[in-house]
Every structure is written in C-alpha cells, then in structure tokens.
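Each chain, letter by letter, is given below.
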Amino acid sequence: MCEPMIDEPEAIPETLRERDQWVCWREEERDGKPTKIPVTPGAGRFASATESETWASFEAALDYSETEHADGVGFVFTDDDPIVGIDLDDCRDPETGDVDDDAQDIIARLDSYTEVSPSGTGYHVLITGTLPDGRNRRGSVELYDTARFFTVTGDHVERTPTRVARRQDALTAIHREYVQEAERDTASESEQRGGAAARSPTTGAADVDVDLEDEDLLEKARNASNGEKFERLWNGNTVGYDSQSEADMALCCLLAFWTGGDRTQMEQLFRQSGLMREKWDEVHYADGSTYGEKTIERAIATTSEFYDPDAGDDDADPHGTPDGVTTGGTPDEADRSRAYLAEKNRLLSKRVDELEATLEQKTERIDTLEAEIERLTDELTARDQETAQSHEEEPGTASETDDDPEPASMLRRFFGGRSE
C-alpha cells in the first residue's frame, strides 16, 4: 500500500465529495515530460473525462489511490454540474511558499475553496458559476467547467473558505482581465469604455483636485442619485454582492470617484465605514501590499472618470452607473441615459444570479428532504415488518388468549357476581 495523498478527506468540500465524478491519476512520462494520466478507480485502465462509466464515487477513488496503481485522485467537470475550476500554474515557490501578485489577486477575489496543486508550484480554486464564452487559457491561468479533470490534494490554503462558493461576478471579471485577448493595460481599457478624465501618470488617479472635507464628501455621495447604494455599503450592508470583497471593491470605486482617486482620503474614509474589518490590513501579496492597499489600487485603476468640482455642477454624481464605471461632473443627457441603462442591466443580471443561486439551494434542499422521506419510509416499513413477525412468533398471542378459558371465566365471575 502506498501512503495516501489526502491526509484529511474531510477537508475537501462535500459539494465535490457527494458527486460520482471522481477518477484516479498516475504520473507517466510522455514526450519527455511528466504527465498526469486519469485512470478508472478499481480497474486501472485509462479514464475519460467524457465517459461517466469510467468515473466512481469519491470513496472508491480514494481507496484506489492508496494502492500502487495510482498516485492521487481527480474531480471531473461536466455540463451537468455548476462547478468551475481555476488552475494557476507556476505561481508558488514550494520551498518558501511565496506567491506571485496575479495569483494572490485571483485567489483573493474568487474567495472560495483553494488548495495547493500536487507539485506545490500552483493552486486550484473551485467555485460555482458559468464560465464566460471565449478562450479559457492564457499564460499560467486556465479555466475549466467541462470535459476536464482536476487533480485534488485536500491541501487547503489557509484563510480561504472551506466551501465551494458561488462567484459569478468575480469569475466574469477575472476571465476578462486575465484570459481574454484584450490587453490589460488600464489606460487602453479606459479609452475603450468611452474615454476618461486625465490621469496622473504615476498613480492612475484623476488630475483633479477635489479638496473636499470628509463630511462634505460624504454628504454629496449620500445625496447623489445612487446615494442609497452608497449609504448601504457605507453602513456595511453587503446584500446583492457575492462576497464582502466585492462589496469592498464597490465602495472603493465610489470613493475613488468622489475623492478624485486620492488614495489617502479613500483609505481614511473606508476605515470609517461599516465594511472595515481586520482583513483590510493583512498582507496578501508578495510585494508586501495589504488587501486594503490593493483594493484601493484596483478601484482607482478601474474607475474611468472622477468628480470635478470645477465643472460648474456641485451636485454632479455617478448617476447610477456601474461600480467603477462612473461618469464625470457634467455628463450630457445621452451619457446619463446610457449610464442608467448600464446600471439597470447590471442590477438585473445580479438579481438573476441571486435568484438562480436561491433556486439551486432550494432544489438541493428538496432533494435532501425527498431522500430523508424515502429513508424514513423504508425504516417505517421495515419496523412494521419486524413488529408483525415478532407477534407471529411470540407465545401467548391474541389467538391463543381467545382459546384460554381461564381469563374469560374470571371476567364472568367478576362481572357476573356484581350483577347478581
């Protein structure tokens, strides 16, 4: 028997373990390179990521992985499940544990079950969602949702969730930023969105001096057309967001607009909000940057225009535009209309995602209840059968009692004596 690769099977989310979509794998050399070959648990022959008869339960795969015929287990992605895998290669030093910035960014934004790959040089992140159309691989980042298998180690990364979380918005953004053909240059992205205010070449912030005291800035933000959303986020309400990290980003985008991308003021304002938590000051990146610093940096980079107090309209606001795609101080009516429709479409899409997630949870609950009802019904039937059998075998049953004259005569004497 070989040493089991997975020391704690319970570390793997039940969402994965409960599905019969598991294979084993063994490492072979092909074309001079080590390759992980999927094998059928118990049989040892080649397994296919498109043929379900070559898959097995998690327990069967785990048992077979402990033999000399396999090196580990793997999970197969199919069209019938909502699970998406994000493969991050060559981003981790197995000796020091140092991680490159892109991988840190992706892991933090997905905020779902994450584990170290078998080689120790990468990560696997598992979420639920729908993989956007287009290419699924670029550089060291790969995204899969069907006809592939992921090696699974159970080497859970600390500070990441122990469950497979729904992260559709984050998945869409990461696919766009890290995988799509478009260049990730911030300036180019801003120009593609219809132009942006002048930016500082060093900070990416707007070349505008807002110069508002905190209280004045907060009052303007609360009185803007999207002031209700700002107020909710400011008070720490994350309803409508897949995770608090996305809510943090949304508030920072609004603060970036109103402060003109002033990092210092954004920082001090965020610390006053209801979203402030210990994670804000934790170092999450190899360059020593904290989670909060990177969130502010990304918010400024993705905000296309900023509030301009010198534009002649002190009541100017983002007019309900999407987080991080705000308009300037004096947009014309066409810009306002487009911004309103863009925000409305975004909110509708988010609501659809919420309803789909709720429906999925209710469906799973119904399945669980139906299984419980079936189990209880079988248990009750078995119990009835045992009771009936015990009555048949037990001496002194009702039929025998009827043949015994002693109890009857005693009753007659008792009641007869009283009637006399």
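Residues numbered from 1 in each chain as written. Predicted model: local features only at pLDDT ≥ 70, side-chain atom pairs only at ≥ 80, totals over all residues. Heavy atoms only, no water.

Moving on to the pairing of strand β1 (residues 22–30). By the bridge criterion, four bridges tie β1 to strand β3 (residues 72–77) in an arrangement that is antiparallel. Looking at the pairing, V23 lines up with G74 of β3. Summarising the sheet, β1 and strand β2 (residues 33–39) pair through seven bridges and their orientation is antiparallel. Within the sheet, the bridge partner assigned to R30 lies in β2 and is K33. (Pairing = 2+ DSSP bridges. Helix = DSSP H or I, 4+ residues; strand = E, 2+ residues; numbered from the N terminus.)

The next point concerns helix α3 (residues 101–110). Residues three or four positions apart in an α-helix share a direction because the helix packs 3.6 residues into each turn. For α3, the tally of buried residues reaches seven of 10 residues, placing the bulk of the element in the interior. Those residues of α3 not exposed but buried are A103, D105, I106, I107, A108, R109 and L110. Structurally, the start of α3 carries an N-cap: the backbone nitrogen of D102 is 3.3 Å from a side-chain oxygen of D100. Among the residues trailing α3, D111 stands out with phi positive, at a value near 50 degrees. (Buried < 20%, exposed > 50% of the residue type's maximum accessible area, 1.4 Å probe, protein only. Polar contact = N/O pair within 3.5 Å; in protein donor to acceptor, adjacent residues only side chain to side chain.)

Let's shift gears to the pairing of strand β4 (residues 83–88). Of all the six residues making up β4, six are buried; the element is thus mostly covered by neighbouring parts of the structure. Of the two faces of β4, both are covered, the one formed by I83, G85 and D87 as well as the one formed by V84, I86 and L88. Bridging between β4 and strand β6 (residues 123–128) involves six bridges; their strand directions are antiparallel. Paired with D87 across the two strands is H124, which belongs to β6. Examined bridge by bridge, β4 and strand β8 (residues 141–144) share four bridges and lie antiparallel to one another. Across the sheet, L88 pairs through a bridge with V141, a residue of β8.

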